[in-house]
Amino acid sequence: AAPPGAPSERLLDFVKDITRAREVYFSDKSGKKLPCTIKNDRWQCSRRQWNYVGPLRSLMGGKWQKATWAHPRTGMTLHIVFENSVGANYISLGSAFLERAYRDHKGKPVEISIFADGKNIKKYTNENVKKYYFSKTELPKNTREIEITIYTKSDGGRHLVINGYLSK
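First, a word on what this report is: a plain description of the structure on this page. A quick note: this is a predicted structure, and the numbers were derived from the prediction, not measured. Along each chain, residue indices are assigned from 1 in the same order as the chain's sequence is written. Whole-chain, interface and lining totals are the exception, using all residues; otherwise, since this is a predicted model, local features are given only for residues with pLDDT of at least 70 and side-chain atom pairs are given and counted only at 80 or more. Note that the side-chain values use all heavy atoms of the structure and ignore hydrogens as well as water.

1. A short note on the environment of E23
Strands here are runs of E lasting at least two residues and helices are runs of H or I lasting at least four, both read from the DSSP assignment and numbered beginning at the N terminus. Note that E23 resides in strand 2 (residues 23-27). Sequence spacing of E23 and R144 is 121 residues, and the spatial spacing of their C-alpha atoms is 14 Å. Aside from chain neighbours lying at most four places away, what touches E23 is K33, W43, H79, I80 and V81. Under the rule applied, a polar contact is a pair of N or O atoms within 3.5 Å (in protein, one hydrogen donor and one hydrogen acceptor; residues adjacent in sequence only if both atoms are side-chain atoms). Reaching out from E23, the side chain makes a polar contact with the side chain of K33 at a distance of 3.2 Å. In this analysis, two residues are considered to be in contact whenever any of their non-hydrogen atoms come within 4.5 Å of each other.

Below, the structure is given as structure tokens:
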């Protein structure tokens, strides 16, 4: 038995295992998919160097952490899709803006949603502030697919990072 509040075993880590995502892509308002491709340890989402989903170290919640860079694009939705091949019961997800993002007082917030087999189970707004947003959400029984979506109305300086994992 584990004491209350004991750390969960990370069955799939969204930073370390980002290349295990089933797919990463952007979609526009019409639903058209713009796929990202794996290059080394990241998903490259356009010819722009900054437009990728991949690991880095970042200051989140006042401490340095492993993170996944997930810069959104104006009016488009970034989709990061994982199969629940590990039989997880929970998803833990954290997000934050880098300092250079939240210091731009005109920067737009980012909307983040978590879907389990297409059903929205968590939605929140990552405001343009110095804050580490973190939550642990129970997955519906027998969830097979987890999708994290990220959206902003304006991508100027939206240097967003996420981290998290799937657990029992």
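2. As for the layout of surface pockets
Only protein atoms enter the 1 Å grid, on which a cavity is a set of points fitting a 1.4 Å probe that cannot get out and a pocket is an open set with protein on both sides within 12 Å along at least 5 of 7 lines, lining residues being those with an atom within 4 Å of a point. Grid points are joined across faces, edges and corners, and a volume is the space filled by probe spheres set on the points. Here the largest pocket is characterised by a volume of approximately 240 Å³. Of all the secondary structure elements, the ones that give two or more residues to the lining of the largest pocket are strand 6 (52-60), strand 9 (90-97) and helix 1 (99-102). Among the elements that take part in the lining of the largest pocket, strand 6 stands out by supplying four residues, more than any other. Taken together, the residues of the lining of the largest pocket sort by class into nine nonpolar, three polar and five charged. For this classification, the nonpolar set comprises Ala, Val, Leu, Ile, Met, Phe, Trp, Tyr, Cys and Pro, the charged set comprises Asp, Glu, Lys and Arg, and every other residue, Gly included, is treated as polar.

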